[in-house]
Amino acid sequence: MTALAPAASSALAASLAAIAGDRHVLRDASSLLVFEADGLPGHRAHPLLAVLPGSRDEVVAVVRTLAAAGVRFVARGAGTGLSGGALADGVVLVGLNRLRRIVAVDAANRTATVEPGVVNASLSRAVLPLGLHYAPDPSSQAACTIGGNVAENAGGPHCLKAGVTLNHVLAATVVLPDGEVVALGSADGEAEGYDLLGAFVGSEGCFGIALDVTVRLMPNPERIITQLADFTSVDDAARATSAIIAAGILPAALELMDNATIEAVEASVYAAGYPRDAAAVLLVEADGAAAGLDDDARAIDAICRANGARDVRTATDAADRARLWQGRKKAFGAMGRLSPHLVVQDAVVPRTKLAELLAAIAEIGARHRVRVCNVFHAGDGNLHPNIPYDATDPDESARVDAATRDIMRRCIDAGGTITGEHGVGTDKLGYMEALFTAPTLDAMCRLRDAFDPARRANPGKVVPVHSCREWTGAAAWRAARE
Amino acid sequence: MTGATAAAIHAASASDVVAAVHDAAGRGGALRIVGAGTWLDAGRPVRAGAVPLDISALRGVTEYNPGDLTIAVRAGTTLAEVDAATAEHRQWCPLLPWGRDGGTIGATIATATAGPCAGALGLPRDLVLGAEFVDGRGSMVRAGGRVVKNVAGFDLVRLVTGAWGTLGVITHLNLRLRARPAVDETWSVAVERLDDTAVARIDALRLGPYLPLAAEFVNDALARHLGLGDTPQLLVRLGGNAHFVAAARAAVLALGSAAEHPGTAWASLRAAEPARASTWRESGAPSRWPLLARSVMRRGADGSRAVHAHLSLARGVLRVSTLLDTGDDPLRAGAAWRTSMRCVRERPAADDAGGDLTGAHRVAGADALARRVREAFDPNGVLNPGILA
Ligand SMILES: Cc1cc2nc3c(=O)[nH]c(=O)nc-3n(C[C@H](O)[C@H](O)[C@H](O)COP(=O)(O)OP(=O)(O)OC[C@H]3O[C@@H](n4cnc5c(N)ncnc54)[C@H](O)[C@@H]3O)c2cc1C
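Rules used throughout
Residues numbered from 1 in each chain as written. Chains lettered and ligands numbered in written order. Predicted model: local features only at pLDDT ≥ 70, side-chain atom pairs only at ≥ 80, totals over all residues. Heavy atoms only, no water. Domains from an automatic or database assignment. Contact = heavy atoms within 4.5 Å. Buried area = accessible area lost by both parts, 1.4 Å probe. Salt bridge = Lys/Arg side-chain N within 4 Å of Asp/Glu carboxyl O. Polar contact = N/O pair within 3.5 Å; in protein donor to acceptor, adjacent residues only side chain to side chain. Helix = DSSP H or I, 4+ residues; strand = E, 2+ residues; numbered from the N terminus. Nonpolar A, V, L, I, M, F, W, Y, C, P; charged D, E, K, R; others polar. Buried < 20%, exposed > 50% of the residue type's maximum accessible area, 1.4 Å probe, protein only. pLDDT = per-residue confidence, 0-100. Pairing = 2+ DSSP bridges. Axes fitted to C-alpha atoms, helices over the stretch in contact; angles between N-to-C directions. Near = heavy atom within 4 Å.

> Which parts of the structure should I look at to understand the domain arrangement of chain B?
Accessible area lost upon the coming together of the parts serves often as the stated size of an interface. Residue and element names in this part refer to chain B. When its domains are assigned, chain B resolves into domain 1 (1-180) and domain 2 (181-358). Domain 1 puts 20 residues into the contact, and the matching count from domain 2 is 18 residues. Surface buried jointly by domain 1 and domain 2 totals about 1500 Å² across both partners, of which 57% is contributed by carbon and sulfur atoms. When the area that domain 1 buries against domain 2 is broken down by residue, the three leading residues are W98, R100 and P116, summing to 38%. A salt bridge links D101 to R270, with the shortest nitrogen-to-oxygen separation between them at 2.6 Å. Run the count over domain 1 and domain 2 and you get eight residue pairs in polar contact (both at pLDDT 80 or more). Among the elements that take part in the side of domain 1 that touches domain 2, helix α4 (residues 118-121) stands out by supplying four residues, more than any other. Class assignment for the residues of the side of domain 1 that touches domain 2 results in 13 nonpolar, three polar and four charged.

Below you can see the structure in the form of structure tokens.
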């Protein structure tokens, strides 16, 4: 498939405008500017055009038009993705931001059906009067969409106990890239047959576009206890994390921030009152039924102290808790002040190897002369070694790349994975062959082909093209013919 | 292939499985995957002539790191073996599926069999971290990983979980574990009537903060069979620290006259389905549990046949077993139940069924998609053909 000729592209734009309206088909460079990047720094791609449908019907019509024309496309929610998943290089971008209706809330069964453009935090806000919330809480929740969350199988601090997006999605209506509309999963009792919904969650926009999603809502906890444990060594904080998990305590959230992060946060407008001289802090939250919660909090306190915490303090009220969390949730923003760009990685390691990996990351950072700020979902072993840098400086960029590669290698060697919540996108394509065998990557390609035989949805993402045997075969065949 | 039953193939390694699949595909034959064989058909027969592929020798824990709360096991490992290995560290694999503990973990995942604790502790899809499987083309696939969070690549783990072996022969699994609750109590509450008051009380427990590990509504015949009493019962399992369980116990005692039981009641309930029975499963929105419960609570017999029924409150899943006499046709025996269930199964019109997703864009099931998936992983129909028909 080559780029569309200008005339064909104008004809396509006209058909799409007939569906979504002239105002919602964008072609000129200046209006496309906002769609040129997502949350992955240093990467830009120019979409052929952008179409912003306003209803599920319009999305279906758009996808069918693209199918008829054999045109490739990329779905986009809020564009906060950190792996380049929403980058559209010379293909049509389908923006879903206008689909922000909460279609139905079923309080008796604690479910909500929402359009894909509904912003994560606004769903929780909408069901607050019912005493419910949507549990997966990516730090970007004020902006990111449920459609994007489903596509990335997003996580968040409170996914330690509550589970990630996969565990909260009951059903989805999906338009497949060929225009067929299918119902996956079931909101009304448990579905039989293949777990195609499970396969769709985390498919990074390659399996079709979610038109609506039915999610589980959780009751707001009776009580919340938030603790901040202050450590003089990162190693101690990591060991305390492993010890809490190994003791069988399942906090709602267990986040680690190192000194570089604390410094960045405390120097910013998001200052949370973290001890600036701490080597690391753990933010630990226990929530749920009131009875028994103090016991968990006491046990957490004791384990932290036994592992070298100088102090463990408990949030005194809701405002204090909000402040402690603000530092964590805005940590990326705070780091943004350090330099123009920020690499955000999200490898995962077994929880007993956290201390070892954090030491390795520190060594790698020093060796490549880059500054690594660790702020991550420690309870899940989900690292976020963030590296602030200047992408216009080729030497620094090269060192950042090298450090990132070394960190990934160490995480894979430790029995971990390359991404716990941000997805592969384009950013981590290069690591897929280090993580998966060739037959496994081929099986992934076959699964994608069942959803999208023409390979028009989010082309070139997630699995390296050359890993798909049949595709490679076709290319070789074409080359031989020419 | 001929109709004669071929001798079973006993796989001693994953590469034996690869060889068996290649061999079967080469002959145009089929394989019927067998774990411990405790629940072979599950009312879903495989095409006649399929050669049994016995994987029960693929057995044992290959890696267990208690500090990570994860375990790696070969697929033929029995649930009892997983339980014994993890009990040492006060952990467990909380699947606790319906059936006997002699069943294999591979079959549990392949059939996505849940159990009474699934509402609180997770369905199979929530607890599998990684799976090694041999697909119908003889490819050895290593999906997922060992860590508790992982979004690298497309999710082949969810794909084989619940596929009944039709997309791959599972040979090895990585599972998430949980700590066993410090306090673990089992109570039963007699449910004489399911009037509005009783429903409201039980709903308060179901939706309240003291979420039980399990809450299973048991009909009269099954209650008798389990020695819980002559009336329908709510069997509740409470787990957590001492203060939590004390508060939860108070919530249970408020429901009515309650009796405490040993935890073995759960193993008995899980294994209650007799060898000769016709079993149906109904699943609806959890809020409609009273409808399901009322339809079975005192219907302990279907003619001369006993009927055992139990319902998982948190998930709204009902299982009804009609005990068969020799000579009974299993399909006919359950027919009366299926008819009586139809009213429950019918969906009420949703507030906004289609929204603006109008008739022109009718929503199909996903049958065609499922067929394409099957063809992508088992193009020759080698693996358990017919089991999902
Ligand atoms: C400051 C910051 C903090 C973050 N914190 C977290 C965190 O804690 N946890 C976490 O998991 N992530 C986090 N992220 C990453 C990002 O927010 C999530 O991946 C989020 O789910 C992306 O949603 P989005 O709407 O922005 O999707 P986009 O970036 O627009 O798209 C992401 C992918 O989803 C696809 N897509 C979008 N909508 C649909 C649809 N309707 N159907 C099919 N495919 C679709 C796109 O094609 C693309 O591949 C963070 C990002 C930022 C910038």
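> Help me understand the side chain of A:T241 in this model?
Residue and element names in this part refer to chain A. One can find T241 in helix α8 (residues 234-246). A residue is classified by how much of its surface remains accessible, and T241, at 0% relative accessible area, is buried. A distance of 2.9 Å separates a polar atom in the side chain of T241 from the backbone oxygen of A237. Discounting chain neighbours no more than four positions away, the residues touching T241 are L254, L256, L282, L354, A378 and G379.

> Hey, could you run me through the confidence of the model for chain A in this one?
Detailed reading of the predicted coordinates is not advisable wherever pLDDT falls low. Residue-level pLDDT values for chain A average 94, and 96% of them are 70 or greater. Across residues 471-478 of chain A the pLDDT falls below 50, and counting only partners more than four positions away or on other chains, this stretch makes four contacts in the model.

> Where do I start with the environment of A:I19 in this structure?
Residues and elements named next belong to chain A. Of note, I19 is situated in helix α1 (residues 6-20). Residues I19 and V59, spaced 40 residues apart in sequence, show a C-alpha to C-alpha distance of 8.8 Å. Once you skip the residues sitting within four places of it in the chain, I19 turns out to touch E58, A61, V62 and T65.

> I tried to follow the sheet that holds strand β5 (residues 70-74) of chain B on my own but got confused; where do I start?
All names here are of chain B. The five strands lie next to each other as β4-β5-β9-β7-β8, forming an open sheet whose pairing is antiparallel. Every other strand in the sheet has two partners, leaving β4 (61-65) and β8 (140-144) as the edge strands with one partner each. Direction aside, neighbouring strands of the sheet carry axes that sit 10° apart on average. As judged from the five bridges shared by strand β7 (residues 128-134) and β8, these two strands associate in the antiparallel manner. Counterpart to V134 in the pairing with β8 is M140.

> Please explain the site of the ligand as it appears in this structure.
Residue and element names in this part refer to chain A. Neighbouring the ligand are 34 residues; A75, G77, T80, S140 and T145 lie closest to it. In this structure, G77 approaches the ligand through a main-chain N or O atom, which is 2.7 Å from an oxygen atom. For the ligand, an oxygen atom lies 2.6 Å from a polar atom in the side chain of T145. The set of elements that each furnish at least two residues to the shell around the ligand consists of β3 (73-76), α5 (146-152) and β10 (209-216).

> How do you make sense of the interface of chain B and chain A when you look at a structure like this?
Across the boundary between the two partners, chain B contributes 76 residues, which contact 93 residues of chain A. Where chain B abuts chain A, roughly 6700 Å² becomes buried across the two surfaces, and 53% of that area is made up of carbon and sulfur atoms. When the buried surface of chain B facing chain A is broken down by residue, B:K149, B:V151 and B:F154 rank first, second and third, together holding 14% of it. On inspection of chain B and its partner chain A, the count reaches nine salt bridges. Ionic pairing is found between B:R137 and A:D442, a salt bridge with its closest N-O pair at 3.7 Å. In this assembly, chain B and chain A are joined by 26 residue pairs in polar contact (both at pLDDT 80 or more). Mapped by element, the contributors of at least two residues to the side of chain B that touches chain A are α5 (124-127), β8, α6 (156-160), β10 (178-179), α7 (196-207), α9 (242-253), β15 (277-283) and α14 (367-377) of chain B. Considering each element in turn, the side of chain B that touches chain A owes the most residues, eight residues, to α14(B). Residue composition of the side of chain B that touches chain A, by class: 35 nonpolar, 19 polar and 22 charged.

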